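Here are the chains, one letter per residue:
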Amino acid sequence: MIIGRVYKFGDNVNTDDIYPGRYLSITTDRQEMAKHCFELAYPDFLKTAKEGDIIVAGKNFGCGSSREQAATCLKYFGISAVVAESFARIFYRNAINLGLLVLIAPGITNKIDHNDTLEIDLKKGIIKNMRTNEEIKIIPPPEFILEIVASGGLVPYLRKRLHIENREGNK
Amino acid sequence: MATIAEKILAKASGKKKVIPNEIVMAKVDVAMSHENADVVLKSFREIGVEKVWDPEKIVILFDHRIPAESEKTATTHKRIREFVKEQGIKYFYDLKEGICHQILPEFGHCRPGEVLVGTDSHTTTHGAFGTFATGIGATEMAGVWATGELWLKVPESIKITIKGKFRKYVSAKDLILHIIGQLKADGADYKSVEFCGPTIREMSIASRMVLTNLSMEMGAKNAFVLPDEKTIQFVEKYTNKKFEVVLPDEDAKYIQNFEFDVSDLEPQIACPHSVDNVKPVREMAGLKIHQVLIGSCTNGRLEDLKTAAELLDGKKIHPDVRLLIIPASRNVYLEAVRAGYIEIFLKSGALVLNPGCGPCLGAHQGLLAAGEVCLSTTNRNFKGRMGSPESFIYLVSPATAAISAINGEITPPL
Ligand code: SF4
């Protein structure tokens with residue numbers, strides 16, 4: 001069960017909005033990336049969002065550039081899940097491959113307000129708005145994808161698959 | 001009854017047949033990364049595999065921040081050069097060659113029927129050669145480096161048929177902006193787009209690449225131009241490697257069919273701050289501009305520079321305008337020098353930059369101040385992409401860009 005406060009966005013939030021191009025020279029320091037989430041497009045985010053928050057967004061969240069920093073910065077900021085009407089495909093893939101939970105829930109933007117608190121039950125495939133008690137269905141991700149997320153992302157998943165879990169990865 | 005996407009993905013995953021929405025493990029033929037190879041590298045090290053799966057199938061190059069604009073980038077470049085040596089990566093193009101989406105075809109990496117992935121969203125460009133080409137993230141590229149394969153969901157397909165003859169100074173850029181304006185930014189989300197029809201057959205390879213390049217901006221997973229004689233001739237000019245042309249079956253299933261006639265199409269403009277906010281240029285005529293950019297993986301090819309040169313020949317650009325011209329590659333630059341275009345640009349008062357991404361992604365070179373308006377032949381006009389979030393980017397064709405640079409305000413080329 002995941003419980004968190006909602007930070008809400010509209011449709012077509014692009015990866016330039018999530019992670020500005022000027023910080024793309026940060027390639028390896030993930031904590032540093034987290035300091036620039038939404039910095040230019042939605043400066044309020046860095047002031048008011050907290051670790052554990054759930055992002056709720058409209059259609060096509062994460063469209064635009066393939067920059068993985070857009071998913072990385074949210075994960076290392078401590079966002080516990082992103083729930084959207086729909087996602088742009090590369091962002092969706094990046095999030096899964098990094099172990100950031102991304103869920104598709106059609107109709108969610110009408111049923112949830114900024115600052116509401118949500119309870120996500122992955123097993124039942126349901127999101128509950130604790131303010132209104134309303135329940136919203138999640139489109140269940142394919143098993144294969146849940147497996148990658150459950151492993152903590154593609155890197156641990158592949159380490160397991162390639163049987164290198166016991167060898168020290170060169171971190 | 002399969003589309004090209006279905007046929008190529010079936011082949012790449014060793015299956016007889018695949019159906020839309022099925023998830024397959026596909027073998028990769030070409031895996032391209034630019035500076036973000038550094039992000040890939042971090043994950044690759046974390047996976048813990050010692051050697052890449054095939055040093056001849058990985059392409060690495062520098063184009064986004066060249067020459068290095070900061071010490072950070074210089075260090076990134078250095079680390080990647082060392083990795084290239086360590087792993088014996090055969091196809092490495094250091095900062096002198098140009099933009100990834102121009103280098104790949106110029107060096108023979110785009111071949112019909114293959115699977116090409118790149119850590120760049122506009123990797124869709126290479127579908128112009130009948131390649132299944134799509135953008136992926138850095139961590140999954142690390143997985144490709146380690147294993148040579150990745151999971152892909154078989155996309156549903158959309159067919160777009162183009163008819164009619166373009167009017168003078170109306171081009172592929174105007175057409176694709178018009179299509180995106182109609183279908184919207186998520187109109188082709190997760191889908192494979194096939195472009196066909198008589199107008200496409202007539203189009204140059206460079207113009208076809210404009211269509212597949214910008215298909216990304218309507219969400220397409222990939223886009224194809226059906227390969228024909230022209231494609232084969234082009235590809236064979238740059239590679240000796242054997243390839244197999246894959247075409248859709250006549251009874252292939254498309255979830256949507258669109259048809260556009262370009263005969264009456266006017267020059268188009270995508271207004272701030274989204275690529276689907278498209279209007280005829282005429283509706284924006286007269287708006288004062290500060291910077292004009294002709295270049296990028298969308299419109300930095302020889303035919304684009306030729307159009308610009310024709311319009312700028314003997315003219316001076318407006319004193320309040322900065323015109324930046326960026327050939328897409330060293331080869332394009334060289335040909336433009338030989339054809340005399342560069343001389344025309346310099347005489348007109350333009351600034352010719354080194355081949356690369358330049359100001360397109362707002363990392364360095366030619367950034368915009370608050371309140372400034374930029375007319376650009378690139379593919380994205382997101383808020384703040386080229387500098388200040390208070391600036392405005394309008395996307396147009398090279399012809400519209402050139403004529404507007406002379407007038408100092410947005411001007412339709414006809
Ligand atoms: S020119 Fe622009 S859109 Fe093309 S690859 Fe470079 S940054 Fe990306």
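Since we're looking at a predicted model, the values are computed, not measured.

J.: Help me understand the sheet that holds strand S1 (residues 2-8) of chain A, please; the structure alone is not making it clear to me.
T.: Residue and element names in this part refer to chain A. Reading across the sheet, the seven strands line up as S4-S3-S2-S1-S5-S6-S7 and stay open at both edges, with mixed pairing between neighbours. A strand with exactly one partner marks an edge of an open sheet, and here the two such strands are strand S4 (102-104) and strand S7 (135-137). Ignoring strand direction, the axes of neighbouring strands in this sheet form an average angle of 30°. Here three bridges tie strand S3 (residues 81-84) to S4, and the two strands are oriented parallel to one another. Each bridged residue has a counterpart across the sheet, and for Val 82 the counterpart in S4 is Val 102.

J.: How should the sheet that holds strand S2 (residues 30-33) of chain B be read in this particular structure?
T.: Two orientations exist for strands paired in a sheet by backbone hydrogen bonds: parallel and antiparallel. Residue and element names in this part refer to chain B. A sheet is described by the order of its strands in space; here five strands give the open sequence S4-S3-S2-S5-S6, paired in parallel fashion. With one partner strand each, in any of the chains shown, strand S4 (91-93) and strand S6 (132-135) form the two edges of the open sheet. Averaged over all neighbouring strand pairs, the angle between strand axes comes to 15°, with direction disregarded. Strand direction decides the pairing type here: strand S5 (residues 115-118) and S6, joined by four bridges, are parallel. Its bridge partner lying in S6, Leu 116 is registered against Ala 133.

J.: What should I look at first to understand the confidence of the model for chain B in this one?
T.: Predicted coordinates in regions of low pLDDT should not be interpreted in detail. Taken over all residues, the pLDDT of chain B has a mean of 97, while the share at 70 or more is 100%. This prediction of the complex comes with two scores: 0.93 for pTM and 0.85 for ipTM.

J.: Got a minute to help me understand the side chain of Glu 35 of chain B in this structure?
T.: Residue and element names in this part refer to chain B. Looking at where Glu 35 falls in the secondary structure, it is placed in the loop between S2 and helix H2 (37-47). Among buried charged residues, Glu 35 stands out as having no salt bridge; its nearest opposite-charge side chain is Arg 65, 6.0 Å away. There is a polar contact of 3.2 Å between the side chain of Glu 35 and the side chain of His 77. Discounting residues that sit within four places of it in the chain, Glu 35 has contacts with Leu 61, Phe 62, Asp 63, His 64, Arg 65, Ile 66, Thr 76, His 77 and Ile 80.

J.: Got a minute to help me understand helix H13 (residues 341-348) of chain B in this structure?
T.: Because an α-helix packs 3.6 residues into every turn, residues spaced three or four apart end up facing the same way. Residues and elements named next belong to chain B. For H13, the complete set of buried residues consists of Tyr 341, Ile 342, Ile 344, Phe 345 and Ser 348. Projected down its long axis, H13 shows its buried positions confined to an angular sector of 160°, all on one face. Among the exposed residues of H13, those oriented more than 90 degrees off its buried face are Leu 346 and Lys 347. In this fold, the buried residues of H13 make contact with helix H11 (302-312), strand S15 (322-326), helix H12 (330-338) and strand S16 (351-352). Just past H13, the residue Gly 349 takes up positive phi, approximately 100°.

Parameters and conventions
- Residues numbered from 1 in each chain as written.
- Chains lettered and ligands numbered in written order.
- Predicted model: local features only at pLDDT ≥ 70, side-chain atom pairs only at ≥ 80, totals over all residues.
- Heavy atoms only, no water.
- Pairing = 2+ DSSP bridges.
- Helix = DSSP H or I, 4+ residues; strand = E, 2+ residues; numbered from the N terminus.
- Axes fitted to C-alpha atoms, helices over the stretch in contact; angles between N-to-C directions.
- pLDDT = per-residue confidence, 0-100.
- Buried < 20%, exposed > 50% of the residue type's maximum accessible area, 1.4 Å probe, protein only.
- Lys, Arg positive; Asp, Glu negative; His and termini not counted.
- Salt bridge = Lys/Arg side-chain N within 4 Å of Asp/Glu carboxyl O.
- Polar contact = N/O pair within 3.5 Å; in protein donor to acceptor, adjacent residues only side chain to side chain.
- Contact = heavy atoms within 4.5 Å.
- Arc of directions from axis to C-beta.

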